[in-house]
Number of protein chains: 2
Amino acid sequence: MDSTKIDFLFYSPEIEKNNCLDAVDSLHAVKVLRKKQGDIIQVTDGLGGWYRCSISDPNPKSCVLNILEVEKDYNSPKRRIFVGICPTKNADRIEYFIEKSVEIGVSGIFFIKTQHTYPKKINLERFRKIAISGMKQSLKAYLPEMTDLLSFNSFLKQSTRFTQKLIAHLDEQAIDVTKIPLESDLLILIGPEGDFSKEELKLAHENKFKTVTLGENRLRTETAGVVAVSILNLL
Amino acid sequence: MDSTKIDFLFYSPEIEKNNCLDAVDSLHAVKVLRKKQGDIIQVTDGLGGWYRCSISDPNPKSCVLNILEVEKDYNSPKRRIFVGICPTKNADRIEYFIEKSVEIGVSGIFFIKTQHTYPKKINLERFRKIAISGMKQSLKAYLPEMTDLLSFNSFLKQSTRFTQKLIAHLDEQAIDVTKIPLESDLLILIGPEGDFSKEELKLAHENKFKTVTLGENRLRTETAGVVAVSILNLL
């Protein structure tokens, strides 16, 4: 199906099990977009599945689908980029990061609480909605994994599954990120608004995070996140 | 002066002429930051000038300065990136582009009205305020040039001063932007929300714009703008 002809992408993580849209997408399909029986729609499960479906029952609470065509690993990214980032004091800013990084193509986001992170909790449900909306808008088949707010130590433990770990920080040992060979799966850690503590930097280095720079500019946390994803996605 | 110690950057385009802050910055210095006579502040003229000043008269309407040290071409960018972009229907989105691109390091923005651009006018005064705030926040000495809304033809006329002209567009002839040698001054044109018309694409090619891609993703106008500045700034 030519993606330029898709007017709207639906998200149904359970489509293989229940052949339905959920309540929100059913309402949108039937009441807003006025889809009728027999109409063709495009659905993703957020796990790489790309389903061309016809509507068999346009029920506004649970729209039933008939799967016509399935493509697995649809437009899978050439590099899976995972970002560790601290929520910002102003929630708009981290939400903007979520929207943009999903659009550009992030595979996962770890939300981290450092010594200098202000928010004590995050609204993961809201963040998920923003990510879903970004995925739909950019016609992607992958919904990024997102964690709840992790302590720095929990984040370090989870980071052991990555062989390439980067930390974006302006210091003397930092290497220009464009100058290193990049693996197909990588994790980049972005500093919080109040910077890392010395102890956190030491721990990150002990855990084999390599320091890189994203240029010479002083960037806000959410900007650094978007710049990192932009560059790592294209290099 | 070590930039990490600057708590706030002031903007005074006329500092060489009048040795003063303007009304807004004077109020901020004296009433918000409670600066007193003899206090040291950092000021830029937005043209690369970086002025270390002491306050000689903390007048909240016109704070008088004594220039202690001047650096010209402070942190001048290694590459001057100019972006041609169409305002978005939702003003927040283009304003976000202005904030982020200034922070990352754009040298100029041309606002363009194409056949598929919705807004008929822009609020350049508001855009300038956002750019000034971005410059201050990221401690830069350069305020980007910004045009009022230009017709596509006026934009093409103004583009003749650039020897390297790029257009970000997903088509068959498009070259990956990371694969071409970049000049120290360049202009990149970003497509509007409704894409360029065929006629506009033809005109751009006649005017020696080379088609590049910013990756395989469908990006919103403002995201494409930020991705372009991120990459061109770092390559």
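Since we're looking at a predicted model, the values are computed, not measured.

### Considering the pairing of strand S12 (residues 210-213) of chain A
In summary, the side chains of a regular strand alternate between the two faces of the sheet.
All names here are of chain A.
Now for step 1: In the sheet, strand S9 (residues 165-168) pairs with S12 via three bridges, with the strands oriented parallel. Across the sheet, residue Ala168 finds its bridge partner in S12, namely Val212.
Now for step 2: As defined by bridge partners, strand S10 (residues 175-176) adjoins S12 across two bridges and the pair is classed as parallel. The partner of Ile175 across the bridge, within S12, is Val212.

### Notes on the nonpolar core
Now for step 1: Of all hydrophobic cores here, the largest spans 81 residues; its most connected members are Ile98, Phe111 and Ile188 of chain A together with Ile98, Phe111 and Ile188 of chain B.
Now for step 2: Residues in contact with Phe111 of chain B, not counting those within four places in the same chain, are Ile85, Ile94, Ile98, Ile122, Leu124, Phe127, Met146, Thr147, Asp148, Leu149 and Leu150 of chain B.

### Some remarks on empty space enclosed by the protein
Now for step 1: Summed over all chains, the structure comprises one cavity of 30 Å³ or more.
Now for step 2: Quantified by volume, the largest cavity comes out at close to 40 Å³.
Now for step 3: Lining the largest cavity we find Thr178, Ile231, Leu234 and Leu235 of chain A together with Thr178, Ile231, Leu234 and Leu235 of chain B.
Now for step 4: Only helix H7 (221-234) of chain A together with helix H7 (221-234) of chain B provide two or more residues apiece to the lining of the largest cavity.
Now for step 5: Partitioned by chemical class, the residues of the lining of the largest cavity number six nonpolar, two polar and no charged.

### Side note on the packing of H7 of chain A against helix H3 (residues 91-104) of chain B
For any two helices packed against each other, one specifies the inter-axial angle together with the distance between the axes.
Now for step 1: Their axes nearest at 11 Å, the elements H7 of chain A and H3 of chain B cross at an angle of 80°. Here H3 of chain B runs roughly perpendicular to H7 of chain A, going by the angle between their axes. Here Glu222, Thr223 and Val227 of chain A of H7 of chain A come into contact with H3 of chain B, specifically with Glu99, Lys100, Glu103 and Ile104 of chain B.

### With respect to the pairing of strand S3 (residues 50-57) of chain A
All names here are of chain A.
Now for step 1: Note: strand S2 (residues 40-44) against S3, five bridges, orientation antiparallel. Across the sheet, the residue bridging to Val43 is Tyr51, located in S3.
Now for step 2: If you look at the hairpin formed by S2 and S3, you'll find five residues sitting between the two strands, and Gly46 has a positive phi there, around 75°.
Now for step 3: When S3 meets strand S4 (residues 64-71), the two strands line up antiparallel, connected through seven bridges. Considered in S4, the bridge of Tyr51 is made with Val70.
Now for step 4: Where S3 hands over to S4, the hairpin turn is made up of six residues, counted between the paired strands.

Thresholds, definitions, all that
Residues numbered from 1 in each chain as written. Chains lettered and ligands numbered in written order. Predicted model: local features only at pLDDT ≥ 70, side-chain atom pairs only at ≥ 80, totals over all residues. Heavy atoms only, no water. Pairing = 2+ DSSP bridges. Helix = DSSP H or I, 4+ residues; strand = E, 2+ residues; numbered from the N terminus. Core = buried A, V, L, I, M, F, W, Y, C linked by side-chain atoms within 4.5 Å. Buried < 20%, exposed > 50% of the residue type's maximum accessible area, 1.4 Å probe, protein only. Contact = heavy atoms within 4.5 Å. 1 Å grid on protein atoms, 1.4 Å probe; cavity = no way out; pocket = protein on both sides within 12 Å on 5 of 7 lines; lining within 4 Å. Points joined across faces, edges and corners; volume = space filled by probe spheres on them. Nonpolar A, V, L, I, M, F, W, Y, C, P; charged D, E, K, R; others polar. Axes fitted to C-alpha atoms, helices over the stretch in contact; angles between N-to-C directions. Parallel < 35°, antiparallel > 145°, perpendicular 65-115°, else oblique.

Without other data, these values stay purely geometric and don't point to any function.
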